2 protein chains.
Amino acid sequence: MRSFDEYRKIINDHLTDLIGDPGEEASELADAMRYSLEVGGKRLRPALLMASCEFAGGSVDEALPYALALEYIHTYSLIHDDLPAMDNDDLRRGKPTNHKVFGEAMAILAGDGLLSTAAEIVTGCPLKYFEDPEKMRNHIRAAHEIMSRAGARGMIAGQTADIKGENLEPTAELINFIELHKTADLITAPVRVGLMIAGADDDILERFTLYARDIGVAFQILDDILDIEGDQELLGKTLGKDAEQGKCNYAFVHGLGAAKEELHRLTAEAKEALAAYGDKASFFTELADSLEARNH
Amino acid sequence: MRSFDEYRKIINDHLTDLIGDPGEEASELADAMRYSLEVGGKRLRPALLMASCEFAGGSVDEALPYALALEYIHTYSLIHDDLPAMDNDDLRRGKPTNHKVFGEAMAILAGDGLLSTAAEIVTGCPLKYFEDPEKMRNHIRAAHEIMSRAGARGMIAGQTADIKGENLEPTAELINFIELHKTADLITAPVRVGLMIAGADDDILERFTLYARDIGVAFQILDDILDIEGDQELLGKTLGKDAEQGKCNYAFVHGLGAAKEELHRLTAEAKEALAAYGDKASFFTELADSLEARNH
C-alpha cells in the first residue's frame, strides 16, 4: 500500500495517456477532453481504486487503466453538469468551465468523448487476458461494475433527481436518493472495481461496499455543508448555489447541526466496517477521517 | 437469414427491454430515453447486426442485446446532435426532438443515459459466458468494437469535425473524415460486432468491413443529396440546413452530379466486396441497393 499522495502522483503522471488522437480534423475534441482533466482535482476516486486493488493483492499497473477510466467518467459528469442547461457554472476548481473555454457544443462532445473513452478502456482491458480465463472474468466483472454504477440506474439517476428536485419540496427520501446515486455510486465503484480486479472474495467486497457507501454519502453531506458555510476561494467555485437554485441540500431538510452529526456518524460507521482488518486498512480509515476534515 | 422487416420487428418488439428502472425519483430519465427510441427509425444498424450474426452462424438471441445497445448509441447521438448548442433541430422523424419535449437538461441526461446503458449492456453480455472462455472472448471483442467505433476516435470525432467544419471552407479531406467517422463507423460497428459474436474468421471480417464502410459512406452522401433535393415531408426533418448552417456537404465540394455518381460507385463496390458469397449474401447486396434508392 502507498500513501494517498503517491497514488495521486501516479494518476497525474498518466492522466491523459489513454486519451487517443481523434485525428487532425477533430483535434479540438482531445484538447477539450484534456483541459478538464488537467484543471486539477483530488483524484479521490482513482486513488481509492488503486488502493483497493493493492489491498487485495492486485497491482497498480493492472488497476491504472480502470482508475483513469473512472476519472474520465467523473470528469465527463462535471463537464455536463456545468453546462448552462444544467447547473450553469462558470468556474470549476477556480478555472473557467469547459463550455466557457470551448463553447457548449464542444463541451457536450468532450463529455461524450470522455464517457466513451472510459467504456473503450474498460472493454479493452479484458482483451489482454485471453490466455487467463480467471483474470478475464475478474476484469469483465470490473468493467460491468464501473459502467453500471456510472449509468442510468446509478450516477445519472442521481443527477436527474438533483435537476428535477430543483424547486420541489426537498424530502429526506429525495436527499437520500441523490446522495446515494449522484455521489456514493461513483465512490463505491472504484473500491469494488479495485477489489474485483484483484479477485477479492465476497466478504471483502461486502465490507468495503459498506465503507464506500458511507464515505460517499458523507462526502455529499459535507459538500452540502460547504455550500452553506465553506470558503469560496479554497473551494474554487461559487457558493450558495443550492439555495439560489432551489436544490436539495441535506442541511435544508435536516438542519446544519444534524448534517454535521450525520457526517460524523457515517465516518465512524465507515471505519467500523473495516475494523476486522485492523492496521492493514489504515489507508482507508485515515482517508475517511481526512475526508471528514476537508474544507475544500 | 430473415428479411429486413423481420429483423426490424424483433428490434421494435424489444426496443426498450433493456432500459432499466432508474427509480421513482428519476423516472423522467427513463421516459426521456424511451421517447427518442420510440419515435421511430429505420433500425438499419441493429438489423445489420443481427443479419451479420446469423450470416456467420450465430443466433438472433445472442445478437439482440448488442443490437439494442447499438440503437441506444445511435439514438443518444441524435439527441445530443439535435440540442440547441449543436444542430438546433426542433423536429426528428416528424416529431418534436427530445429537448423540445423534456427540456435541454433532461435531453443531455437522456443521451448520457442511453450511451451508459449501451456500455452496461455490452459489458454485461460476456458475464453470461463464464463457463465458455471461447464465447467470452468473442463477446469481449464485440463489446470493445462497439465502444471504439462509437468513441472519441470514431463517431464523436466525426461529430466534432462536422460541428467545427461549419463555416470553414469544406475540403475533400474534411468531407471524407466526416463521412467515415460520423456515419460509416456506426454502420461498420454492427456488421463487425455481429460477425465477432458468431466467431467469424478474419477473411469474412475483412470483406464485410469493406462492404459496411462503403454503404456507410454512401449513406452519408445520400443524406447530403437529400438535404438539397429531398422531400421534407417524407424525411420528417427540416431540409436545406447544411447550406443554412454552413455545414460540409459532399455536393457542395464535388457537385450534385458527382455525388450521385459516387453513391452509385460505392454501392457497386460494396456488393462486389461480398461477391465471393454469391446468393448467400443477398440480404446484404439487396440492402445496399435499397439504401441507394431510398428517398427518406
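Located above this text is the structure these notes cover.
Everything quoted here is computed from the prediction, not taken from an experiment. (Residues numbered from 1 in each chain as written. Chains lettered and ligands numbered in written order. Predicted model: local features only at pLDDT ≥ 70, side-chain atom pairs only at ≥ 80, totals over all residues.)

A. Here's a closer look at the overall build of chain A. In terms of helices and strands, chain A carries 15 helices and two strands. Its C-alpha atoms give chain A a radius of gyration of 19 Å, near enough to 19 Å, the size a compact globule of 296 residues would have. Viewed in the frame of its principal axes, chain A has a C-alpha envelope of about 55 × 55 × 30 Å. Buried residues in chain A amount to 56% of all 296 residues. Expressed as a percentage of contacts within chain A between residues at least 6 apart in sequence, the contacts between residues at least 24 apart total 72%. (Helix = DSSP H or I, 4+ residues; strand = E, 2+ residues; numbered from the N terminus. Rg over C-alpha atoms; globule rule 2.2 N^0.38 Å. Buried ≥ 20, exposed ≤ 12 C-beta atoms within 10 Å, placed from the backbone. Contact = placed C-beta atoms within 7 Å.)

B. Region of the structure containing the interface of chain A and chain B. With 51 residues of chain A in contact, the opposing surface of chain B contributes 51 residues. A per-element tally of the side of chain A that touches chain B places helix α6 (residues 104–124) of chain A first, with 14 residues. Among the residues making up the side of chain A that touches chain B, the classes are represented as 29 nonpolar, 13 polar and nine charged. (Nonpolar A, V, L, I, M, F, W, Y, C, P; charged D, E, K, R; others polar.)

C. Broad picture of the environment of Leu 256 of chain B. All names here are of chain B. Among the secondary structure elements, Leu 256 is positioned in helix α14 (residues 256–273). With 31 residues separating them in the primary sequence, Leu 256 and Ile 225 have C-alpha atoms 7.0 Å apart. Sequence-distant contacts of Leu 256, that is, excluding residues within four places in its chain, are made with Ile 225, Ile 228 and Ala 251.

D. Here's a closer look at the environment of Leu 18 of chain A. Following the sequence through the fold, Leu 18 of chain A ends up in the loop between α1 (4–14) and α2 (27–38). Leu 18 of chain A gets classed as partly exposed once you count the C-beta atoms within 10 Å, which come to 17.

E. Local environment of α6 of chain A. The first and last C-alpha atoms of α6 of chain A sit 30 Å apart over 21 residues, in line with the 30 Å expected at 1.5 Å per residue. The buried fraction of α6 of chain A is high, at 19 of 21 residues. (Expected span 1.5 Å × (residues − 1).)

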